[in-house]
Amino acid sequence: MCGIVGYNGKNKAVDILLDGLSKLEYRGYDSAGIAIRDKDITIFKAKGKLSNLKEKLANEKLKGTCGIGHTRWATHGEPNENNAHPHISNDGNITLVHNGIIENYQEIVEKLKRHNYKFYSETDTEVLANIIDYYYKKYKIGPIDAINRTMVRVRGSYAIAVMFKDYPDEIWVARKDSPMIIGEAKDGMYVASDVPAILKYTRNVYYIDNLEAACLKKDKVIFYDLNGDIIQKELKEIKWDLSVAEKGGYEHFMIKEINEEPDVIKKTISYYTGNDKIDFAKSNLNKEDLKNIKEIYIVACGSAYHVGVCAAYVIEDLTRIPVRVDIASEFRYRKPILNKDSLVVIISQSGETADSLAALREAKNAGVKTLGIVNVVGSSIAREADHVLYTMAGPEIAVATTKAFSTQLIVCYLLAIELAMVKEQITKKEYIELLKEINTLPTKVESILKDSTNTIQKLSSQFASIHDAFYIGRGLDYAISLEGSLKLKEVSYIHSEAYAAGELKHGTISLIEDNTLVIGIVTQEYIAEKTISNLIEVKSRGGYIVSIAPKNIDTSKASNFILTIPETSKYFYPSLTVIPLQLLAYYMTVSRGLDVDKPRNLAKSVTVE
Ligand code: AGP
């Protein structure tokens with residue numbers, strides 16, 4: 001959840017670190033700090049957004065060509081300067097930045113206090129600096145031994161970058177469960193939590209595995225395993241282009257990424273289809289694998305979980321095999337009953353979400369086949385799942401997911417259609433018709449963006465000061481209303497609930513009063529009438545109904561405002577209805593003057609429990 005960056009090379013480190021941190025700020029913005037090594041190590045920290053640290057550094061002349069940096073999402077210790085990273089060991093021998101959580105840090109504090117260590121912050125990270133220092137001094141055989149002994153001793157997740165006073169031209173790094181990449185370039189070596197931080201300087205990266213460490217010298221990197229033996233790693237090339245990590249003239253990354261949806265949906269469809277066929281060979285998922293699947297579990301968190309809820313309706317309806325959707329933080333501890341011929345699908349944009357990663361390992365330990373639907377190439381879930389279907393959304397910077405959500409939906413539709421075909425639940429004709437229809441989605445999303453953006457912007461300003469909102473629908477419409485509600489909540493801080501329309505009469509309708517905003521989603525013809533009568537009930541209690549429906553479904557009697565979307569197959573409507581829902585959340589947040597891309601208390605990738 002925090003972002004770490006490091007550079008050791010020929011150039012001034014301060015600019016590279018600040019630039020890298022600005023590309024990682026979506027991971028946490030409670031405080032930021034850097035440590036620059038020139039003759040000595042100098043540390044600068046500031047509470048709040050990176051801009052506060054930049055202000056502090058404005059008049060500093062920092063020439064050092066080696067340094068580490070951090071942007072924080074507070075877990076242990078409140079967001080203040082004292083708890084900001086980098087942290088140092090008692091005598092300053094160790095300077096360190098950390099992303100993750102040390103679960104047994106209190107026990108280690110007690111141990112270190114018995115060895116006269118003192119602590120100035122409330123963080124678990126300061127403990128890491130001191131325990132590395134403790135082993136370094138106790139065994140006197142160098143950084144790799146001190147780091148490896150620490151990795152054996154601590155429990156939790158971490159990606160760390162460390163500077164040892166005695167080793168001026170080196171940065172040492174290590175990781176377990178928290179993401180880390182190492183970049184190699186002519187002008188030096190880079191380390192970062194994510195690709196956008198170093199994409200400007202290099203496309204050549206190494207992926208370091210769990211419980212591995214490395215030493216970044218100015219011109220090379222040396223990798224070590226937990227025994228301290230040198231190991232080789234393969235250099236990989238990142239294909240993303242730099243512009244995706246910039247705002248490209250848009251006011252916020254969220255609205256930029258919403259407008260990228262037609263393109264990334266098209267990219268994802270064409271990556272897996274061609275000549276009227278779906279081809280998952282790139283993920284070595286063959287027809288035989290699919291044929292033997294008797295039941296599916298979809299496990300994820302947040303918006304990715306909502307993709308799972310949508311996918312369950314489509315997969316069950318098309319393939320007639322049971323699909324169970326689970327929230328990862330529940331799945332990992334409820335000892336799920338997993339049958340050998342089931343498939344566990346983990347959906348994750350970042351591929352690093354701790355609960356989803358743990359759910360994946362739970363399924364693997366149970367000997368069940370696993371499939372990751374992931375956006376970040378080389379992420380932990382992508383590397384540990386038996387099969388991985390990448391979504392082609394490109395880097396997603398805004399904390400609130402939009403384009404990754406839409407590409408995850410597409411991959412789930414393709415999985416459902418291919419499964420139904422392999423299981424002979426649909427004919428070749430139906431198969432081709434569905435593929436034809438899926439290929440119309442990019443244009444239909446484009447037309448919604450073109451025709452409705454201004455309308456939704458105006459509508460949103462009307463509701464800028466509301467406190468509550470409700471989203472209702474039935475079937476797939478209920479599934480997507482869950483996402484609409486989360487999107488509004490997470491960026492605008494307006495309380496909202498999503499409900500199966502038929503459920504309102506059993507309690508929640510008592511909350512409806514004059515002008516209560518209710519978003520009604522009505523795309524499923526086979527139950528539209530039911531949803532419309534539920535909306536009429538709410539309207540008669542004073543609710544202000546905004547309905548989202550295709551032209552062939554008349555919601556006029558039940559609506560105060562109608563957002564019309566293009567028609568499509570009943571299975572694919574979530575890909576169209578989610579666009580006005582995302583735009584509504586975006587413009588209501590803008591009209592409240594809030595920071596859309598970095599909503600309070602949130603982070604893009606939740607790498608701790
Ligand atoms: C969505 O906008 C949120 N950022 C959050 O709910 C997110 O979907 C969730 O944390 C899962 O993240 P993942 O897809 O990276 O696993």
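The model shown is predicted, which means the values in this text are computed figures rather than measured ones. (Residues numbered from 1 in each chain as written. Predicted model: local features only at pLDDT ≥ 70, side-chain atom pairs only at ≥ 80, totals over all residues. Heavy atoms only, no water.)

Q: How would you explain the nonpolar core if you had to name every residue and give the values?
A: Ile34 and Ile296 are the most contacted members of the largest nonpolar core, which has 145 residues in total. Here this core takes 13 residues from helix α13 (residues 403–422), the largest share from any one element. Dropping the residues within four chain positions of it, Ile296 is found in contact with Ile315, Ile321, Pro322, Val323, Arg324, Leu343, Val345 and Leu419. Grouped together as the second largest cluster of nonpolar side chains are 31 residues, Tyr105, Ile131, Tyr136 and Cys215 included. (Core = buried A, V, L, I, M, F, W, Y, C linked by side-chain atoms within 4.5 Å. Buried < 20%, exposed > 50% of the residue type's maximum accessible area, 1.4 Å probe, protein only. Helix = DSSP H or I, 4+ residues; strand = E, 2+ residues; numbered from the N terminus. Contact = heavy atoms within 4.5 Å.)

Q: Explain the sheet that holds strand β4 (residues 66–72) residue by residue, including any values.
A: A sheet is described by the order of its strands in space; here eight strands give the open sequence β3-β2-β4-β1-β10-β9-β11-β15, paired in antiparallel fashion. Where the open sheet ends on each side, the last strands, each with one partner, are β3 (41–47) and β15 (236–237). Looking at chain direction, strand β2 (residues 31–37) and β3 are connected through seven bridges and run antiparallel. By the bridge assignment for β3, Arg37 is matched with Ile41. Of the strands in this sheet, β2 and β3 are in contact with helix α2 (residues 50–57), which crosses β3 at around 135°. (Pairing = 2+ DSSP bridges. Axes fitted to C-alpha atoms, helices over the stretch in contact; angles between N-to-C directions.)

Q: Run through the packing of aromatic side chains, naming residues and quoting values.
A: Throughout the structure, instances matching the rule amount to 14 aromatic pairs. Each ring, one from Tyr7 and one from Tyr190, has its centre 4.9 Å from the other, and the planes form 50°; the classification is tilted. Of this pair, Tyr7 sits in strand β1 (residues 3–9) while Tyr190 is found in strand β10 (residues 188–192), placing the two residues 183 residues apart along the sequence. The class of Tyr190 is buried, set by a relative accessible area of 0%. Here the aromatic residues Tyr7, Tyr190 and Tyr201 are joined through ring pairs into a cluster of three or more. Against the face of Tyr139 rests Arg149, its NZ or CZ located 3.6 Å from the ring centre. Its end group placed over the ring of Tyr271, Lys282 keeps NZ or CZ at 4.1 Å from the ring centre. (Phe/Tyr/Trp six-rings, centres within 6.5 Å; stacked < 30°, edge-to-face > 60°. Lys NZ or Arg CZ within 6 Å of the ring centre and 35° of its normal.)

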